[in-house]
Amino acid sequence: MGEAVGWWRRKSTPAKVETYTRWSFHFFALIYVASVGLPVFGQVTGQLAVWLVVLVCAHAVVCAVTASRALDWTRGRREQPVRTLWVLGAVTLAISAAVIGIAGQGPDDDGHHMAVGAVFVGVLTFAAGIGALGVRGRRRVLALVGGFAAGAALGGFPLGYAVPESLVTGMVVLVAAGFLAFTSMFSVWLLNAVYELDEARETRSRLAVAEERLRFGRDLHDVMGRNLAVIALKSELAVQLARRGRDEAVDQMTEVQRIAQETQREVRDVVRGYREADLGMELTGARGVLIAAGIDCEVTGEPGGLPAEVQSALGWVVREATTNVLRHGDAKRCTVAVSREQERVVLTVENDGMLRSSGGRGGSGLAGLRERLAAVAGTLEAGPAREGVFRLVAEVPLVAPEVVA
């Protein structure tokens, strides 16, 4: 039971929806057998009942296989299952003909006629509804359903139905098959929508990273571009002065040296601003992002008054933990707590979605956090806290330990 729960939790939300959709159609096949096939035993006896149930079971298997391959085609994992659809149509036609043949072999009583009619209608209904998964376009689906309904109406005459009864049979198949086809199309639409939303979230994350890289690139360009241009000009001027034996060449090279040192300082400032993260801003941003993603987030504790290096290190922990919750889990609730214990600051992040990518053991992101925390003598622990809960705890001392020579 625990392995099954873990297998389900490790799936992404789109994968869960796909699994649910796929098994729903397999369950439809069981409902088909239970609602159409099994009642035959109460209406018909002997070999005729057995043959009718066997035909229904065989048709249910073909419908389940068609649904599975059609869903794979919907997700782009295989080509359109045209051959499978033709097989479904041929099997449906053959079973319908067999049912009509069985109708003429049994006793002339109401139970026999009801059983044969129910199997005939059920076969055509499920074939039309499941076949709608393998085609695209409203007109094609309507044509498919209408064709099976017309076939049901025409098939009523060999079954011995009068014209009104045949028309009623066609209408029943039209309504039932139309409803099942609509359910199939809606399930596929919902599955595709979930995958598109997940891809949009991934795209948004990549765009955020790209935007930050562009910002960093613009800052470096602003700092380096101007200064390098000045260095190039002054170096060229110094070369010309040196060739003429003028002392001003030394002054120009001294200026080049000063500008180069100033550029180094400005680059360090840019990199420092890029690397440092404000803990308060990260907590506020994390809460807003998680709530926007539909995850209930609670933040407790006061991050103010902490040293800059401590805030920077813990800010990166919050940023990475938020990314893990969004990308690698299926959390519904997340809590972030900042507390001071004696001379240490403790940051705790808990969520009820176990990590899928690494099963809670941590990956390269957590390894990078440990390196950042190690620079300020901090520690990081990550793993399951209890059933279904993942906890990340970062501890950083307020006062850096003295280094013994």
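Asker: What is the right way to read empty space enclosed by the protein from this model?
Answerer: By rolling a water-sized probe across the atoms, one finds the places where empty space is left. Applying the stated criterion across every chain yields a total of 3 cavities of 30 Å³ or more. Within this model, the second largest cavity holds a volume of roughly 40 Å³. Taken together, Ala-103, His-112, His-113, Val-116, Gly-117, Leu-159 and Tyr-161 make up the full set of residues lining the second largest cavity. Per-element accounting of the lining of the second largest cavity gives the leading share, 4 residues, to helix H5 (residues 110-131). The residue makeup of the lining of the second largest cavity, split by class, is 4 nonpolar, 3 polar and no charged.

Asker: Any chance you could explain unusual backbone geometry here in plain terms?
Answerer: Across the chain, the bulk of peptide bonds are trans and the bulk of non-glycine residues have phi less than zero. At Ala-377, a position not held by glycine, the phi torsion is positive, near 60°. With respect to the secondary-structure elements, Ala-377 resides in the loop between helix H11 (364-374) and strand S4 (379-386).

Asker: Before we go on, may I ask you to explain the packing of aromatic side chains in this structure?
Answerer: The relation between two aromatic rings is expressed through the spacing of the ring centres and the mutual angle of the planes. If you walk through the whole model with that rule in mind, you get 4 aromatic pairs. Aromatic side chains Phe-25 and Phe-28 sit 5.6 Å apart centroid to centroid with 85° between the ring planes, which places their arrangement in the edge-to-face category. With Phe-25 and Phe-28 both in helix H2 (residues 13-37) and 3 residues apart, the pair spans about one turn of that helix. The rings of Phe-182, Phe-186 and Trp-189 are connected pair by pair, giving a single aromatic cluster. The ring of Trp-73 is capped by Arg-136, whose NZ or CZ atom sits 4.3 Å from the centre of that ring. If you follow Arg-319 out to its NZ or CZ, it ends over the ring of Trp-316, 4.2 Å from the centre.

Asker: Is there a simple way to explain the nonpolar core in this structure?
Answerer: Within soluble globular proteins, side chains that are nonpolar generally end up buried alongside one another. In terms of nonpolar packing, the biggest core is built from 49 residues, with Tyr-32, Val-40, Leu-52, Val-99, Val-119 and Val-173 touching the most fellow members. Elements that contribute at least two residues to this core include exactly H2, helix H3 (47-74), helix H4 (82-103), H5, helix H6 (138-155) and helix H7 (163-243). Those residues in contact with Val-119, other than ones at most four positions away along the chain, are Val-36, Val-40, Leu-52, Val-56 and Val-99. Leu-326, Val-376, Leu-380 and Val-396 belong to the second largest nonpolar core, which has 31 residues in total.

Rules of the game
Residues numbered from 1 in each chain as written. Predicted model: local features only at pLDDT ≥ 70, side-chain atom pairs only at ≥ 80, totals over all residues. Heavy atoms only, no water. 1 Å grid on protein atoms, 1.4 Å probe; cavity = no way out; pocket = protein on both sides within 12 Å on 5 of 7 lines; lining within 4 Å. Points joined across faces, edges and corners; volume = space filled by probe spheres on them. Helix = DSSP H or I, 4+ residues; strand = E, 2+ residues; numbered from the N terminus. Nonpolar A, V, L, I, M, F, W, Y, C, P; charged D, E, K, R; others polar. Phe/Tyr/Trp six-rings, centres within 6.5 Å; stacked < 30°, edge-to-face > 60°. Lys NZ or Arg CZ within 6 Å of the ring centre and 35° of its normal. Core = buried A, V, L, I, M, F, W, Y, C linked by side-chain atoms within 4.5 Å. Buried < 20%, exposed > 50% of the residue type's maximum accessible area, 1.4 Å probe, protein only. Contact = heavy atoms within 4.5 Å.

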